[in-house]
Amino acid sequence: MSISKLKTENSVFYTHRNNEINETLQGQVVTLKGWVSSYRDHGQVIFLDLRDTTELNSLATHIQIACYATQPNIFKLAKQIRHEYLIHVHGIVTLRPEGTENPDIPSGQVEIVTHSLSILNDSPPLPFPLDGHTIIHEFTALRHRYLELRKPDMHLRFIQRAHTYQLIRRYLEQHGFLEIETPLLTSTTPEGARDYLVPSRTHPGKYFALPQSPQLFKQLLMMSGIGRYYQIARCFRDEDLRADRQPEFTQLDLEMSFVNESNIRSIIEKLLHCLFAEILNVQLPESFPTITYADAIKYYGSDKPDLRIPLQLIDIADLVKTAEFKVFSDPAQDPKARVVALKVPDGAKLSRREIDDYTQYVIEKGAKGLAWLKITAEGIQSPIEKFISKDILNNILERTHVKSGDLIFFGAGPAHQVEQILGALRIRLGHDLDLITQPWAPVWVVDFPLLEWNAQEKRWQSLHHPFTAPQDPNQLEKNPGECLAQAYDIVLNGVEIGGGSIRIHQNAIQTKVFEVLGISKEDAQAKFGFLLEALQFGCPPHGGIALGLDRLVMLMLETKSIREVIAFPKTQTAHCPLTDAPSKVHPNRLKELGLQLLESR
Ligand code: AMO
Ligand code: AMP
């Protein structure tokens, strides 16, 4: 197309948006601009489906453009048009002939009979169709993400994401929160991942770290007398990626002074209540159930229990200690091991093949096997019945409250392994057997241990972050492993969507925690000296939470991964196929930064 032609035709104006076109405009002349999402040549008439930017506001608003052979110039041009050509149409809103209406779209009663047509921009065939059902390789999709984003369902996600942000801002501002931005070029904020480092040109040999969260700055804001802070904050973590993890992601981060755990939980409950009501028309409970970390692990094998699934792990170690079946009795006598039963109501209908599949599933996760027991009308069926005495068997049946038609799976071994594997099996059975009892199950997990033992490095590490207040500071020295934290996670349908804590606001306790974590006085001073100093100047008690907004939106919009609700996400290897970031830099830039690459790189 010649440049001069483009100039004259490239007027920015249109008279109507697609979503305004319907039978009430019958007979009116309209000017429309947009992309051709499909074309159909019927011999004497060519139909073009025109998509415009109003797709941003609703789905399925395309308009049918009719180009008749009776207008040879238009017809000739229409024949050249292909998918995703950008066109300008001038025509009359006309009722579609009877029987050809499309009830599925708002403009389905009418079409535009074209009086003038021009091509504003052409397009080569797309690397993939935008039909919504073709499976596209992740790399190709992300390489052309701007095309993928043209899909109406993609638009809808970002409309709903933006709407979520608006509601959050409105809600928090109504509740006295002040939005404050904190630095992106900063020093380390330990949240358990690796930092992304940015070399400094003006301070050769020194690095900024991109924030893993605004944690320390929001605490400093409390020390500045800001009573209620929030920020929709970008966070950066160099960690192994999964469906619900990206190297950069967005938190709703908030902090309050003079609060306790329940104040913070209540703010979040009300906020989520409002978001679900406004966006999904779903009424979440006024307040959410709470479970202790210890119970979550005990009954669900996970600190993010999916409470939509009613199955629980039932301890039976005390019942099988004396069994001759060593697979059970050995772990039953080991305090670091567990023997659990997972009852599946009506599970006796599972075939041998299905049970073998579940066995394979747990074996792939590291289990040695998957003992099972069915209660059928003919009696008990189980590969382990012969190894277990009648008494023990009866005790198991009583403990698990089984009835005819049920099945029990058993897991025995190191506690952590049994919890992880039977916890995963519980989720899988819940989905496979359609056991989900409710669409939304939010739950607070509370009473986390403050510390966990890192066996490899032989030291204590924070389960949340080192600024979390212990419930009983006296425990810190005496019994660090038993010390509980004033921390809470919010879990929705088995996904951790947020976590927070009451913070340490006294220098002496913060210093003690660093000491227990094995951080030397010098290291603590070098890394967190500013915090320790600030804690001396009348720091108020404070606490807060951060919600993972990508995860929250992913759940609300029922997408499989957070990548589908992030406009320009990265791949599993933290690469952007569109911009090819991260990329090499010219050696001069490295020199300027005082950096030199190792030969092997
Ligand atoms: P935490 O590390 O638990 O707490 O993070 C809060 C929430 O952020 C989300 N999240 C992520 N989402 C996507 N990709 C990631 N890589 C990722 N990592 C975390 C999760 C998580 O629950 N400063 C504390 C909060 C506080 O104490 O106030 C913090 O960052 O949904
Ligand atoms: P085996 O004696 O290894 O043939 O196991 C007998 C039954 O116990 C089989 O059904 C195994 O799948 C099951 N089993 C073996 N090890 C375990 C374990 N650690 N936890 C649960 N079941 C197991």
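Refer to the structure presented above.
Below: a short report on this structure. (Residues numbered from 1 in each chain as written. Chains lettered and ligands numbered in written order. Predicted model: local features only at pLDDT ≥ 70, side-chain atom pairs only at ≥ 80, totals over all residues. Heavy atoms only, no water.)

### Points about the site of ligand 1
Here is step 1 of the chain: Ligand 1 sits among 25 residues. The nearest are E191, Q215, K218, E496 and R503.
Here is step 2 of the chain: Between R237 and ligand 1, the recorded distance is 2.9 Å, taken from a side-chain N or O atom to an oxygen atom.
Here is step 3 of the chain: Contact between ligand 1 and I545: an oxygen atom at 3.4 Å from a main-chain N or O atom of the residue.
Here is step 4 of the chain: Within the complex, 95% of the 630 Å² of free accessible area of ligand 1 lies under protein.
Here is step 5 of the chain: Breaking the shell around ligand 1 down by element, the ones donating at least two residues are α6 (215–223), β10 (248–257), β21 (495–502) and β22 (542–548).
Here is step 6 of the chain: No other element matches β21, which puts five residues into the shell around ligand 1.
Here is step 7 of the chain: Residue composition of the shell around ligand 1, by class: five nonpolar, 11 polar and nine charged. (Near = heavy atom within 4 Å. Polar contact = N/O pair within 3.5 Å; in protein donor to acceptor, adjacent residues only side chain to side chain. Areas by Shrake-Rupley, 256 points an atom, 1.4 Å probe, with all protein chains shown as cover. Helix = DSSP H or I, 4+ residues; strand = E, 2+ residues; numbered from the N terminus. Nonpolar A, V, L, I, M, F, W, Y, C, P; charged D, E, K, R; others polar.)

### Concerning the packing of aromatic side chains
For any two aromatic rings, the description comes down to two numbers: the centre-to-centre distance and the angle of the planes.
Here is step 1 of the chain: In this structure the tally under the stated criterion is 11 aromatic pairs.
Here is step 2 of the chain: With a centroid separation of 5.0 Å and 80° between ring planes, the pair formed by F276 and W440 is classed as edge-to-face. Of this pair, F276 sits in helix α7 (residues 261–280) while W440 sits in the loop between α13 (415–432) and β17 (442–446), placing them 164 residues apart in sequence. A single burial state applies to F276 and to W440, both of which are buried.
Here is step 3 of the chain: When the centroid spacing of 5.1 Å and the interplanar angle of 70° are considered together, the rings of W453 and W460 count as edge-to-face.
Here is step 4 of the chain: On the basis of relative accessible area, W460 is assigned to the partly exposed category, the value being 21%.
Here is step 5 of the chain: Here R265 stacks its cationic end above the ring of W444, 5.8 Å away from the centre of that ring.
Here is step 6 of the chain: Looking at R428, its charged tip hangs above the ring of Y361, at a distance of 4.8 Å from the centre. (Phe/Tyr/Trp six-rings, centres within 6.5 Å; stacked < 30°, edge-to-face > 60°. Buried < 20%, exposed > 50% of the residue type's maximum accessible area, 1.4 Å probe, protein only. Lys NZ or Arg CZ within 6 Å of the ring centre and 35° of its normal.)

### Some points on the site of ligand 2
Here is step 1 of the chain: All residues in the neighbourhood of ligand 2 are listed as F325, V327, K368, G369, L370, A371, P383, I384, F410, G411 and A412.
Here is step 2 of the chain: At a separation of 2.8 Å, an oxygen atom of ligand 2 approaches a polar backbone atom of L370.
Here is step 3 of the chain: Burial of ligand 2 by the protein amounts to 67% of the accessible area it has alone, namely 480 Å².
Here is step 4 of the chain: The element that contributes the greatest number of residues to the shell around ligand 2 is strand β16 (residues 407–414), accounting for three residues.
Here is step 5 of the chain: Across the shell around ligand 2, the residue classes tally to eight nonpolar, two polar and one charged.

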